[in-house]
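A look at the structure
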Amino acid sequence: MTFKELIHQRYSCRAYRPEPVEEDKLMQVLEAARLAPTAANRQPFQIIVIHIRGKEQDIQKLYHRDWVLQPPILLCICGIEALAWVRRDGKSYLDADAAIVVDHMTLEAAELGLGTCWIAAFDQTAVRDFLHLPDGVEPLFLLTLGYPNDQAGPKARKPLEQIVRYEHW
Ligand SMILES: Cc1cc2nc3c(=O)[nH]c(=O)nc-3n(C[C@H](O)[C@H](O)[C@H](O)COP(=O)(O)O)c2cc1C
């Protein structure tokens, strides 16, 4: 699959088949995260692998949509603010770093025939409690991982003319 095909193939999957994800495929997805670039190469993140089966009641409290219980795996991408690169004016690039990590994983998963969906609209307190996160560790994204039971729809995106400017604003 070419990179162009891959970025068209990735979509937010919200329907999954129940079969497990093979360990070697999970490891390839995690390896893609490991290779993601981060500001100043600080790598200020940790990924928690959660096997959903048997934990459905708890996981439903983290995110209210039913489909979050369908895949076998949920990943929680946590940021560690104290490790993040911060620009001189105080802007932290923790969120940007974590987003690149997630993007790498979604693309690797797509190449492996797996579906993913970014989740930011989770209950942060519930996630903190469920995963026993210590102070200084922030859950930034959840990511579902499993075999898709739906297909990509057309990509609803603004045309290039609406998002690109040349030379100045
Ligand atoms: C930072 C971020 C947060 C998102 N949070 C959620 C979410 O909480 N729930 C959800 O169903 N989709 C979520 N999405 C998925 C977006 O809705 C989706 O990427 C967008 O509509 C484009 O569709 P596509 O991923 O299928 O191309 C999120 C995506 C990103 C990048």
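This text follows the structure it describes.
The paragraphs below set out a description of the structure included in this document.

Remarks on the overall build of the protein
Looking only at helices and strands, the protein features six helices and four strands. Reading the protein from its N end, one meets helices and strands in the order α-α-β-α-β-α-β-α-β-α. Relative to a compact globule of 169 residues, whose C-alpha radius of gyration would be 15 Å, the protein shows 17 Å and is just as compact. Dimensions of the protein, computed from C-alpha atoms along their principal axes, come out at roughly 50 × 40 × 30 Å. Evaluated residue by residue, the protein yields a buried proportion of 27% over its 169 residues. When contacts within the protein are restricted to residue pairs at least 6 apart in sequence, those whose partners lie at least 24 apart make up 79%.

Observations regarding the site of the ligand
The environment of the ligand is made up of Tyr 11, Ser 12, Cys 117, Trp 118, Ile 119, Ala 120, Ala 121 and Lys 155. In terms of residue class, the shell around the ligand is made up of six nonpolar, one polar and one charged.

Section: unusual backbone geometry
Although it is not a glycine, Ala 40 sits at a positive phi angle of roughly 55°. Position of Ala 40 relative to the elements: it lies in the loop between helix 2 (23–34) and strand 1 (45–51).

Here we look at the environment of Phe 122
Structurally, the position occupied by Phe 122 is in the loop between strand 3 (115–119) and helix 5 (124–131). Put simply, Phe 122 and Leu 26 are 96 residues apart on the chain and 23 Å apart in space, counted from C-alpha to C-alpha.

Some thoughts on the sheet that holds strand 4 (residues 137–146)
Pairing is antiparallel across the open sheet formed by four strands, whose spatial order is 1-2-4-3. Each of the sheet's edge strands pairs with one partner strand only, and the pair in question is strand 1 and strand 3. Sheet twist, expressed as the mean angle between neighbouring strand axes with direction ignored, is 25°. Summarising the sheet, strand 1 and strand 2 (residues 73–80) pair through seven bridges and their orientation is antiparallel. Bridged to Ile 47 within strand 2 is Ile 77. With respect to the sheet, helix 5 is in contact with strand 1, strand 2 and strand 4, its orientation differing from that of strand 4 by roughly 85°.

The rules behind each value
- Residues numbered from 1 in each chain as written.
- Predicted model: local features only at pLDDT ≥ 70, side-chain atom pairs only at ≥ 80, totals over all residues.
- Helix = DSSP H or I, 4+ residues; strand = E, 2+ residues; numbered from the N terminus.
- Rg over C-alpha atoms; globule rule 2.2 N^0.38 Å.
- Buried ≥ 20, exposed ≤ 12 C-beta atoms within 10 Å, placed from the backbone.
- Contact = placed C-beta atoms within 7 Å.
- Near = placed C-beta within 6 Å.
- Nonpolar A, V, L, I, M, F, W, Y, C, P; charged D, E, K, R; others polar.
- Pairing = 2+ DSSP bridges.
- Axes fitted to C-alpha atoms, helices over the stretch in contact; angles between N-to-C directions.

By themselves, these figures tell us nothing about what the structure is for.
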